[in-house]
Amino acid sequence: MVTTTIPQPQTTPIHSALIVGNYCHDVLLQGGAVVAETLGGAASFISNVFTALSVSFHLTSKVGFDFKYPVNHDPIVIPSSKTTVFHAYFDQGHTENAHQDRVLKRVEVCDPINPSDLPDKRFDFGMAVGVGGEILPGTLEKMVEICDAVFVDIQALIRSFDKNDGTVKLVGLKESGFYHLLPRVKFLKASSEEALFMDVEEVRQWCCVVVTHGKDGCEVFWKDGEMKIEPFGANQVDPTGAGDSFLGGLVGGLVHGLVVPDAALLGNLFGSLTVGQIGLPKFDLRLLQRIKDEVQRRKLHNTCWFEGGDDSMSFTKPDGHDEFRASLASTKLVPTCLRDVPRSPGSVEQVIRPPCNGQ
Ligand SMILES: Nc1ncnc2c1ncn2[C@@H]1O[C@H](COP(=O)(O)OP(=O)(O)OP(=O)(O)O)[C@@H](O)[C@H]1O
Ligand SMILES: O[C@H]1[C@H](O)[C@@H](O)[C@H](O)[C@@H](O)[C@H]1O
């Protein structure tokens, strides 16, 4: 019998995604002076990358009556509360238990996100991406119940805040109150500073762990192996949100059918694009189109790894990985034009002067 294969149309898979974490106001300070004020929060950086990559999502975020930025996905406004505010001090780095490149202080805090604030429906995947302690253990528990796969930024779990001045400190993951939920989490992202507060060897038995290393790229750890993923060059002016955009790029890549090592390259690319701008980055439209074209050409799956694809295949560095990296790097080489830059949410930020010079 002769059989024919009907060619399938090239479409972007539709997924239902849930992002959970509060928007915040970021104030960048250097030498005792305010150098910029911008929209912040991992939820805003990730939404920005998802929108750039045409990934649709539902967002649960809380802000206060004073929230001052336009956003595409409306937050829940709490009339009796102020919006969470972080002050980032760029000349006080290298203190014990703090971010290496800056000291962060949470100077206002909005209400936590309760389990009852989450929608009563199921999602293909969810992202727990709090910044100010707003995600409670019960909230993460509900997320793992209503989402088929959950991605977690460890900063949502291990931050504590000094009682007097709000300085961000980190606690061990085991002591965080979230540890028992890790076997139900698919993916945990940590910066190299945050990774010191977890036992990577233990956690990788349960979920995929990715550790970001700033300008040196990232490492992916899973049960049976690990892999270093090369970075992209950048002229860093503000590191804020690099990890968030990284996570947006990585998950966006998985949604588009990339395997984990290739998706991590996309994460590195969006991290590098973010450090080159102050606050929430604006992506050039032609650059985005080139990135999306490369991703479409590269995708090896029609389903995602987190939808139960072949694990061994998803974690092996596939043939053509280095060529994919080179083609992504080349998307940045074509000169961009300011008039192509879309006005994204948060574009009314006030920038007074850059917080740090390129390295
Ligand atoms: N200077 C840089 N040059 C190129 N790429 C960078 C640079 N800094 C960060 N990146 C990219 O962004 C990713 C995340 O950066 P980083 O490790 O600093 O995260 P983070 O500490 O969580 O960031 P943040 O807390 O500021 O959001 C890195 O893995 C890398 O791919
Ligand atoms: O906007 C930033 C960003 O989301 C960072 O990832 C987070 O560490 C900060 O707390 C926040 O203010």
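To start, this report covers the structure provided alongside it. Given the structure is predicted, the values throughout are model-derived calculations rather than measurements.

### As for the overall build of the chain
Tallying secondary structure elements over the chain gives 10 helices and 17 strands in all. When each of the 359 residues of the chain is scored for burial, the buried share is 57%. Across the chain, every contact between residues at least 6 apart in sequence was considered, and the portion connecting residues at least 24 apart equals 68%. Surface summary for the chain: the accessible area is close to 15400 Å², and the carbon and sulfur share equals 52%.

### Side note on the sheet that holds strand 15 (residues 218–222)
If you trace the 8 strands from one edge of the open sheet to the other, you get 4-1-9-10-13-14-15-16, paired in mixed fashion. A single partner strand is all that each edge strand has here, and the edge strands are strand 4 (58–60) and strand 16 (225–229). Across the sheet, the mean angle from the axis of one strand to that of its neighbour is 15°, orientation sign disregarded. Here strand 14 (residues 208–212) runs beside strand 15; their pairing, made up of 4 bridges, is antiparallel. By the bridge assignment for strand 15, valine 211 is matched with glutamate 219. Helix-sheet contacts for helix 2 (residues 137–146) involve strand 1 (17–20), strand 9 (123–128) and strand 10 (147–153), and the interaxial angle to strand 10 is about 140°.

### A word on unusual backbone geometry
Of note, serine 54 is a non-glycine position whose phi angle comes to about 60°, a positive value. As for its position among the elements, serine 54 is in the loop between helix 1 (42–52) and strand 4.

### Section: the pattern of salt bridges
It is possible for side chains of opposite charge to pair when their charged atoms get near one another. Under the definition given, this model contains 14 salt bridges. With its nearest N and O atoms 2.9 Å apart, the salt bridge here joins aspartate 148 to arginine 122. One end of the pair, aspartate 148, is in strand 10; the other, arginine 122, is in the loop between strand 8 (103–108) and strand 9, with 26 residues separating them in the sequence. Taking relative accessible area as the criterion, arginine 122 reaches 49% and is therefore assigned partly exposed. In this structure, a network of salt bridges that share partners links the residues Glu201, Arg204 and Glu226.

Definitions and limits used
Residues numbered from 1 in each chain as written. Chains lettered and ligands numbered in written order. Predicted model: local features only at pLDDT ≥ 70, side-chain atom pairs only at ≥ 80, totals over all residues. Heavy atoms only, no water. Helix = DSSP H or I, 4+ residues; strand = E, 2+ residues; numbered from the N terminus. Buried < 20%, exposed > 50% of the residue type's maximum accessible area, 1.4 Å probe, protein only. Contact = heavy atoms within 4.5 Å. Areas by Shrake-Rupley, 256 points an atom, 1.4 Å probe, with all protein chains shown as cover. Pairing = 2+ DSSP bridges. Axes fitted to C-alpha atoms, helices over the stretch in contact; angles between N-to-C directions. Salt bridge = Lys/Arg side-chain N within 4 Å of Asp/Glu carboxyl O.

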